Amino acid sequence: MADIIRLLPDHVANQIAAGEVVQRPSSVVKELMENAIDAGATDIQLIIKDGGKTLIQVVDNGKGMSGTDARLSFERHATSKIQKAEDLFNLHTKGFRGEALASIAAIAHVEMLTKTEDDDIGTKIKIEGSKIVSQEVVVAPKGTSMLVKNLFFNIPARRNFLKSDQVEYRHITDEFHRISLAHPQVAFSFYNNGSDVFQLPANEFRKRIVHIFGRKTDEKLVPVEEETQVVKISGYILKPEFAKKSRGEQFFFANNRFIKSPYLHHAILGAFEGVIRPGTHPGYFLNLEVDPGTIDINIHPTKTEVKFDDEHTLYAMLKSTVKHSLGQFNVVPALDFEQDQNLDTPYSYKNKQVGIPQVVVDASFNPFETTVKTSKGNNSTGNYKKSKVEGWENLYAGLETKVESNVSHLEFESEVVNSSIFDDEKESIEPTTTTFQLRKKFIITTIKSGMVVINQSRAHQRVLYENFLKNITIKEAVSQQLLFPLTLSFSPGEMNILKEIKDNLCTVGFVFGDLDDEGVEIKGVPVLVAESEVQMIMEQLMSDFQQEVPGDSFSQSDMLAKTLAKTLSVKTGESLDEFSQVKLVNDLFACKETTLSPFNKKVYVTITENDIERKFI
């Protein structure tokens, strides 16, 4: 039998490795910016075009590289960060594997320009698909400039899987936020398609947060500070009233490295338990400084998932520290059950002098006399004189008869019935079928072959979903104007999402006023939307768009219709009157798709007469 196992060529091995390291343009941004920070740069510029597909450039003023190092940096497992295996347990740099540049060069056109402070001239290297095109000596400033063009040019399948430019730009912005927050002492600049996006000067951590997320964020921050033998915790949390359904403002940094940790996130949720709404997530920007030997970073190619030696202790300390900050800064009201509230001094008496109370008594007052003497000696009739009220018996006439005749029809507690979803068409509906609401969750109606059990929430979602899609397509939605416009505040990232979907929101009935980088004014809402629900709907929209990140216009319209249908649909536990039940059944079976909800959940089940008869065999 012939030998069949052979070594892969280097360029093939690099392309395989690139699949783990470089998933999308944001992965390239992360690797290049972290290399710049490891090089000791104090000023880093990020320039992208077309969502990073056409161009990604990172320019830094770090220590640079010599000609030999510049050439060797593109080889696999070539790194200056570690020298032996023991160094993995004492990492102080972002990178350490030596795979990033080799992986990037395998699937893109790369151009490097670098120079050290001691050298008079720099080095320029061009690489296309792991092949070195040229290496020459040029004049260059101190530092390194990495130019990455035409990402995945030699892997068309991977390039086809990339999302739209807006979606890729959003991922790059997220990476830029994480790195710039982890290093507030470094100045950052961000340019997208020739426009200036961020100019972040070197500053303290709080001001870096405000520069990224807007001026109004400053009043939302609560300091967190604690130092123990295990960990040093510092940073800020957002006040409970600013908790959102989306998870865009949750940042953990372990030794100046952004990490994702559901376990530690659960500790924050435990600290906020009881002070935020269910289903919402608090915002936080927390730095954790631990011994490098107690943290393992080398468990995932992206290096965002880490392992701590003693997670349980870290969990308890983090939870108690956040709770302490909430109480220390009077964010959470404290109750003292041992203090007698009757002993509290009113504010109006706080600065008054204490004196002997003066009591004035009228010794001649007699409440049983028909006349009293006034202070002037005149006699007057008091208000306490009894007078006979005639006809009082008529107030009780027929009371005994009414109680005895109507006592069987008395209702002591009535059930709240929600029929508001179809109030406008109630008069035109005549029930022609029998409906029944079961446990405030299902609507049971009869058909010729048996009966249908309908999930009321999913059925209403389907009805609203198709109505909203129709409004978006036809653009004839009805809007109700607000007497007092609403002003909602959002982060710059959320405002970018809102600007993308603004046109679709207008087609369903929203009317917008002023729109800036920190907030939006809403002057009108769709007819089905209550004013009190606008904030919740907007937060749900931001959450859905950040999680699923739709690319084209159709997917944006589809997600918008799904979110509005899910938020505005009748929920499980709400009672519907007979008219609303019949209307919901009729509207459901008038839809184009009746069996599935917008989220591909079964809407109803049919129970035939034969199915029922078999139960009695």
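Since this is a predicted model, take the numbers as computed values, not measurements. (Residues numbered from 1 in each chain as written. Predicted model: local features only at pLDDT ≥ 70, side-chain atom pairs only at ≥ 80, totals over all residues. Heavy atoms only, no water.)

A. A look at the pattern of salt bridges. For the structure on display, the rule yields 12 salt bridges. Across the pair E168 and R24 runs a salt bridge, and its minimum N-O distance is 3.1 Å. Pair noted here: E168 is in helix α6 (residues 165–182) and R24 is in the loop between α1 (10–21) and α2 (25–38), with a separation of 144 residues, a long-range link. We classify E168 as buried; its relative accessible area is 0%. (Salt bridge = Lys/Arg side-chain N within 4 Å of Asp/Glu carboxyl O. Helix = DSSP H or I, 4+ residues; strand = E, 2+ residues; numbered from the N terminus. Buried < 20%, exposed > 50% of the residue type's maximum accessible area, 1.4 Å probe, protein only.)

B. Up close: the packing of aromatic side chains. In this structure the tally under the stated criterion is 17 aromatic pairs. Here the aromatic rings of F252 and Y284 are separated by 4.8 Å at their centres, their planes lie at 45 degrees, and the arrangement is tilted. You can see F252 sitting in strand β11 (residues 250–254) and its partner Y284 sitting in strand β13 (residues 284–289), a full 32 residues away along the chain. Among the aromatic side chains, those forming a connected cluster through ring pairs are F205, F213, Y236, F251, F253, F258 and F285. (Phe/Tyr/Trp six-rings, centres within 6.5 Å; stacked < 30°, edge-to-face > 60°.)

C. Summary view of the sheet that holds strand β22 (residues 511–515). Pairing within the open sheet is antiparallel, and its three strands lie in the order β21-β23-β22. Only two strands of the sheet have a single partner each, and these edge strands are β21 (479–489) and β22. Strand-to-strand twist of the sheet, defined as the mean angle between neighbouring strand axes without regard to direction, takes the value 15 degrees. With three bridges connecting them, β22 and strand β23 (residues 519–526) associate as antiparallel partners. Residue pairing in the sheet places F512 in a bridge with I522 of β23. (Pairing = 2+ DSSP bridges. Axes fitted to C-alpha atoms, helices over the stretch in contact; angles between N-to-C directions.)

D. Seen up close, the sheet that holds strand β1 (residues 43–49). The sheet built from eight strands is open, its strands ordered β5-β4-β3-β6-β2-β1-β7-β8 with mixed pairing. Lying at the two open borders of the sheet, with one neighbouring strand each, are β5 (131–138) and β8 (195–200). Within the sheet, the average angular offset between the axes of one strand and its neighbour, ignoring direction, is 10 degrees. Where strand β2 (residues 55–60) and strand β6 (residues 143–149) come together, six bridges link them in antiparallel fashion. If you follow I56 over to β6, its bridge partner there is V148.

E. Structural view of the pairing of β1. Of the two faces of β1, only the one carrying I44, L46 and I48 is buried; D43, Q45, I47 and K49 on the other face are not. Alignment of β1 against strand β7 (residues 187–192), held across six bridges, turns out to be parallel. Bridge pairing in β7 places Q45 opposite S189. Two strands pair when backbone bridges link them, and β1 and β2 are joined in this way by six bridges, in the antiparallel orientation.

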